[in-house]
Amino acid sequence: MAQDPKLKLALYWAASCGGCEIAMVELREKLLTVDQVAEILFWPVAVDTKYKDVEAMPDGHIDVCLFNGAIRTSENEHLAHLLRKKSKVLVAFGSCACEGCIPGLANLYDRQSIFECVYLECPSVDNPNRAVPQVSTKVPEGEIHIPHFYNTVKTLGQVEEVDYWLPGCPPQDPQIWAVIEAIVGGNLPAKGSVVGANEKTVCDECQFKREEKRIKKFYRLVEIIPDPGKCLFDQGIICAGPATRGGCGALCTKVNIPCRGCYGPPPHVVDQGAALLSAVASVVDADTEEEAARIVGEISDPVGTFYRFGLPASLLHRRRLGKS
Amino acid sequence: MKKITIDPVTRLEGHGRIDIFLNDEGEVLNAYMVIPELRGFEKFAQGRRVEELTDITPRICGVCPEAHHMASTKACDAVYRVEVPPTAKKLRELFYSAFYVADHTVHFYILAAPDFVLGPDAPVAERNILGLIRKVGVEMGTRVIQARGKAMDIIGLLGGRKIHPTFALPGGVTRGINEAERAQIEATAREEIEFALFSLQLFRDIVLKNPAYVDMIRSEAFTLPTYSMGMVDEKNRVNFYDGKVRVVDPEGKELLQYRPHEYLEVVAERVEPWTYLKFPYLKKIGWKGLVAGKESGVYQATPLSRLNASEGMATPRAQEAYEEFYKTFGKKPVHHLLATHWARLIELLYAAERLFELSTDPQITDPKIRNLPTEKPTEGVGIVEAPRGTLTHHYITDERGIVQKANLIVGTTNNYAPISIAVKKAAQALIQKGQPIREGILNRVEMAFRLFDPCFGCATHALPGRMPLEIRIRDERGNLKDVVKQNLS
């Protein structure tokens, strides 16, 4: 083992928040171990390598690339293609790369409406010339370029072939460590697998037992102080636990907050939102269809509830352009 | 005319870039700090249940999610006009203090310290956190990792996840603490105070005792007099969680104070077509472009500006450090930008002491931690001091509490103009006609913005070590004349 060449590792962030990088920092002392077994060729956050250096690498030079962030701009997509070409194994790391995550809720809108909101309508904006960012701008001294902002947020898998999926917002550090051990030990499962998670649901690993109680009213978090010893779903709080892959350790329910679904759909579920809606519908306590429709109809913001983390990856993908 | 492109300004290529334009004599005409990304949270906040923004907006930034979580929750408190029980307020501030300990530790040790401990001319491959640990020894490296880790454990205890925690809700918090947990937090707080004192001593030994660094700190290239912004308590002492926001002019005289709901009277944001980030400024003074000084509405919102905008610290040892800071410079306010690193460590000490105070508060284990809203939701503004600047969340809802409009002025955004000016100033001081542009120039340009701990769009936050920079010098026809690189092995 000691004679083996070090594993060549790359890590990158596209359209993301930086939480996946902090999740790596959460490895704490184990990061020093990573330093011993792997050569980190590219990690914008920690290693001094540039795109040009990546471009100069032979194809397939990187053993494993952990890619976090969604595809929001032309530059994000360019990097996805570049790192795919240079890497033997490409891992979609974290919810943004896997499912689009919360920034994927922007797929309810388009570029123009986002620009109008941010640069024209926000109450603090002072924009007498009604300027919005342009891909190319002439300034007195020359010209300045910025990347193209797409209409639609895409997942990594929607622009490139992905070998493994490591879910979570962010992935929990014990799971990251388990995956790194599998990579270093050559124990990765078949390509296309979800890694750093398990084959259960968040419900299965939650400390509270769900009794699938019938529900007459679903509560918002501003309407109820939940009984801390009981399943939140049974108390009428929509919890994505039954429709979410396990692996996080059900951390949110430990602090009386429902699962919002950041680990993505469980095994064999195509559309997480549909699965959660189905879980909700199955416990509605109504005698008539009208009553059932009323109870479900009272749930505000269904897209933001059922597709909080996965709109770009879902069957819905986005609101039709021109309809926002 | 020549154009110099510094691309990228951080290791996160494309997330930040500087274009510097020179005249024919080789003098800097202008510098543009270009931010090439946007995610549009203000837009897709629309249509959400307002209380869910406490979970949604932290995804603006995974480095400081706690700051967004708190600003969002306070905005929601205001939207519902719900009173927060005293213990819940204290638990929020305790949580927030633990976050400050972790975050300031990350910045100082992982981002800034390699420049000072290893030196600006250390080998590029060594100038990162791992190189730092090799230099100072695993024992001290482990101490830093553990100090940060134990603060993160408090966040995880209270907020479930350590990153993107879910602790606060309108009207309070989601869980209280018992005596055993309190005792554990108190024990951690004691260690964090020792760690902060140790860090300040390290700064004295390594930076303040080195005349080269002191000269650099005091140099004109790294001095930028602007207005200073920071949150203060009723005695005008620094506060991160609650209070009024105070602004002092470049001479230190108070310009104004405002409460969160008054922010639109104080701050406006300019839009430029060549960047995705907006430029906030003080409305009372007005936007005069990217210039510093008393006539320009440009202000800073950083650890240094918070000290400048205040009259002291609310904890004893941080107050001693505050006095030492101003005594050393012999004046107040201090406009030496590199002193921001020192100010950050004084805040680290304050956060650790405040964590200790709150962990020993007799009320802290009280079970009354939440009030349910009873009023109809309307509109609210929440402000906290994020480590990288004053953070404002403003929500307008319909009568069901569904968000109609959201406005966010994020920590680093406040500093977009001063960072741009600082970079231009450093470039002007260092790029001389007839002189070759050496690697050392790039390092200093880099240090001019690193001290702000920039977190552009709160999305492109830089972490360990040095950034790769490339300066391309072209003639007026665009022909490449010279390329200077650093960290581009």
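Owing to the predicted nature of the structure, the values given are computational and were not obtained by experimental measurement.

## Things to note about the overall build of chain B
Thought 1: Within chain B, the secondary structure is distributed over 15 helices and 16 strands.
Thought 2: By the burial criterion, 64% of the 489 residues in chain B qualify as buried.
Thought 3: Partitioning the contacts of chain B with sequence separation of at least 6, the portion at a separation of at least 24 is 70%.

## Quick notes on the overall build of chain A
Thought 1: Looking only at helices and strands, chain A features 12 helices and 10 strands.
Thought 2: Partitioning the intrachain contacts of chain A with sequence separation of at least 6 by distance along the chain shows that 73% fall at a separation of at least 24.

## Points about unusual backbone geometry
Residues and elements named next belong to chain A.
Thought 1: Cis geometry is found at the peptide bond from C169 to P170, where omega equals -15°.
Thought 2: The topology assignment puts P170 in the loop between β10 (164-166) and α7 (173-184).
Thought 3: One non-glycine residue with positive phi stands out, namely R28, at about 55°.
Thought 4: Relative to the helices and strands, R28 is located in the loop between α1 (19-25) and α2 (30-37).
Thought 5: At H268, a position not held by glycine, the phi torsion is positive, near 70°.
Thought 6: Mapped onto the fold, H268 is located in the loop between α9 (251-254) and α10 (272-281).
Thought 7: We classify H268 as exposed; it has 7 C-beta atoms within 10 Å.

## What about the confidence of the model for chain A?
Thought 1: Looking at chain A, pLDDT values average 93 and 96% of them are 70 or higher.
Thought 2: The secondary-structure element of chain A with the lowest mean pLDDT is helix α3 (residues 51-56) of chain A, recorded at 84, while helix α5 (residues 95-99) of chain A shows the highest, at 98.

## As for the sheet that holds strand β13 (residues 389-397) of chain B
Residue and element names in this part refer to chain B.
Thought 1: Across the sheet, which stays open at both edges, the 3 strands sit in the order β12-β13-β14 with antiparallel pairing between neighbours. Two strands close off the open sheet at either side, each with one partner strand: β12 (379-386) and β14 (403-409). Strand-to-strand twist of the sheet, defined as the mean angle between neighbouring strand axes without regard to direction, takes the value 10°.
Thought 2: Relative to β13, β12 runs antiparallel, the two sharing 8 bridges. Within the sheet, the bridge partner assigned to I383 lies in β13 and is T392.
Thought 3: Seen against the sheet, helix α3 (residues 65-80) touches β12 and β13 and runs at an angle of roughly 150° to β12.

## A short note on the nonpolar core
Thought 1: F67 of chain A together with I346 and V423 of chain B are the most contacted members of the largest nonpolar core, which has 254 residues in total.
Thought 2: Looking at which element gives the most residues to this core, the answer is helix α4 (residues 86-118) of chain B, with 19 residues.
Thought 3: Contact partners of F67 of chain A, with chain neighbours within four places excluded, come to Y12, A80, L83, L90, V91, A92, F93, A97 and L156 of chain A.

## Digging into helix α14 (residues 416-430) of chain B
Working note: α-helix, 3.6 residues per turn, so residues spaced by three or four point in the same direction.
All names here are of chain B.
Thought 1: With 15 residues, α14 should cover 21 Å at 1.5 Å per step; its first-to-last C-alpha distance of 21 Å lies within 8% of that length.
Thought 2: Extensive coverage of α14 is indicated by the burial of 12 of its 15 residues.
Thought 3: Residues Y416, A417, P418, I419, S420, I421, A422, V423, K424, K425, A426 and A427 constitute the buried set of α14.

## A short note on the packing of helix α7 (residues 179-208) of chain B against helix α12 (residues 339-359) of chain B
Residue and element names in this part refer to chain B.
Thought 1: For the pair α7 and α12, the least separation of the axes is 8 Å and the interaxial angle reads 160°. Considering the angle they form, α7 stands roughly antiparallel to α12. Crossing geometry of α7 relative to α12 is assigned as left-handed. Residues R182, I185, E186, A189, R190, E192, I193, A196, L197, S199, L200 and F203 of α7 pack against W342, L345, L348, L349, A352, E353, L355, F356 and S359 of α12.

## Some details on the interface of chain B and chain A
Thought 1: Counting residues at the interface gives 84 residues for chain B and 73 residues for chain A.
Thought 2: Counting residues per element, the ones that place at least two in the side of chain B that touches chain A are β2 (17-22), β3 (28-34), α1 (41-44), α2 (53-56), α3, α6 (138-159), β9 (267-270) and β14 of chain B.
Thought 3: By residue number, the principal contributor to the side of chain B that touches chain A is α6 of chain B, which donates 5 residues.
Thought 4: Residue composition of the side of chain B that touches chain A, grouped by class: 41 nonpolar, 20 polar and 23 charged.
Thought 5: Pairing of strand β6 (residues 125-126) of chain A with β9 of chain B, which is carried by 2 bridges, proceeds in the parallel orientation. Paired with V125 of chain A across the two strands is E269 of chain B, which belongs to β9 of chain B.

## Thoughts on the domain arrangement of chain A
For interface size, the figure often reported is the accessible area lost on association.
Thought 1: Domain annotation of chain A identifies domain 1 (7-102 + 151-184), domain 2 (111-150) and domain 3 (202-306).
Thought 2: Taken over C-alpha atoms, the centre of domain 2 of chain A sits 40 Å from the centre of domain 3 of chain A.

## Thoughts on the packing of helix α11 (residues 316-329) of chain B against α12 of chain B
Residue and element names in this part refer to chain B.
Thought 1: Packing of α11 against α12 leaves a shortest axis separation of 8 Å and a crossing angle of 165°. When the interaxial angle is binned, α11 and α12 end up roughly antiparallel. Here α11 and α12 pass one another in a crossing that is left-handed. Contacts between α11 and α12 involve R317, A318, A321, Y322 and F325 from the former and W342, A343, I346, L349, Y350 and E353 from the latter.
Thought 2: Looking at the contact of α11 with α12, its residues break down into 9 nonpolar, no polar and 2 charged.

## What about the sheet that holds strand β11 (residues 299-300) of chain B?
In any sheet, the strands associate via hydrogen bonds between backbone groups, in a parallel or an antiparallel arrangement.
Residue and element names in this part refer to chain B.
Thought 1: Taken together, 4 strands build an open sheet; the order of strands is β8-β7-β6-β11 and the sheet is mixed. Two strands in the sheet have a free side with no partner beyond their single neighbour: β8 (254-258) and β11.
Thought 2: Both strand β7 (residues 244-248) and β8 contribute to a ladder of 4 bridges, which runs antiparallel. Of the residues in β8, the one forming a bridge with R246 is Q257.

## A short note on helix α6 (residues 111-121) of chain A
Thought 1: Those residues of α6 of chain A lying buried are I114, F115, C117, V118 and Y119 of chain A. An end-on view of α6 of chain A places all buried positions within 160° of arc, on one side of the element.
Thought 2: Turning to α6 of chain A, the residues buried within the fold contact β6 of chain A together with α1 of chain B.

## Remarks on the pairing of β9 of chain B
Thought 1: One ladder, built from 4 bridges, connects β9 of chain B with strand β10 (residues 279-282) of chain B; its direction is antiparallel. The partner of A268 of chain B across the bridge, within β10 of chain B, is Y281 of chain B.

## With respect to the environment of T275 of chain B
Thought 1: Tracing the chain through its elements places T275 of chain B in the loop between β9 and β10.
Thought 2: Separated by 107 residues in sequence, T275 of chain B and A168 of chain B have C-alpha atoms that sit 34 Å apart.

## Considering the confidence of the model for chain B
Residue and element names in this part refer to chain B.
Thought 1: Per-residue confidence for chain B gives a mean pLDDT of 87, with 87% of residues at or over 70.
Thought 2: Scored below 50 in pLDDT, residues 10-14 shows 23 contacts in the model against residues more than four places distant or in partner chains.
Thought 3: Contacts for the low-pLDDT stretch residues 456-471, under 50 throughout, to residues beyond four places or in other chains number 89 contacts.

Parameters at a glance
- Residues numbered from 1 in each chain as written.
- Chains lettered and ligands numbered in written order.
- Predicted model: local features only at pLDDT ≥ 70, side-chain atom pairs only at ≥ 80, totals over all residues.
- Helix = DSSP H or I, 4+ residues; strand = E, 2+ residues; numbered from the N terminus.
- Buried ≥ 20, exposed ≤ 12 C-beta atoms within 10 Å, placed from the backbone.
- Contact = placed C-beta atoms within 7 Å.
- pLDDT = per-residue confidence, 0-100.
- Pairing = 2+ DSSP bridges.
- Axes fitted to C-alpha atoms, helices over the stretch in contact; angles between N-to-C directions.
- Core = buried A, V, L, I, M, F, W, Y, C linked by C-beta atoms within 7 Å.
- Expected span 1.5 Å × (residues − 1).
- Parallel < 35°, antiparallel > 145°, perpendicular 65-115°, else oblique.
- Left-handed = near helix turned anticlockwise from the far one by under 90°.
- Nonpolar A, V, L, I, M, F, W, Y, C, P; charged D, E, K, R; others polar.
- Domains from an automatic or database assignment.
- Arc of directions from axis to C-beta.

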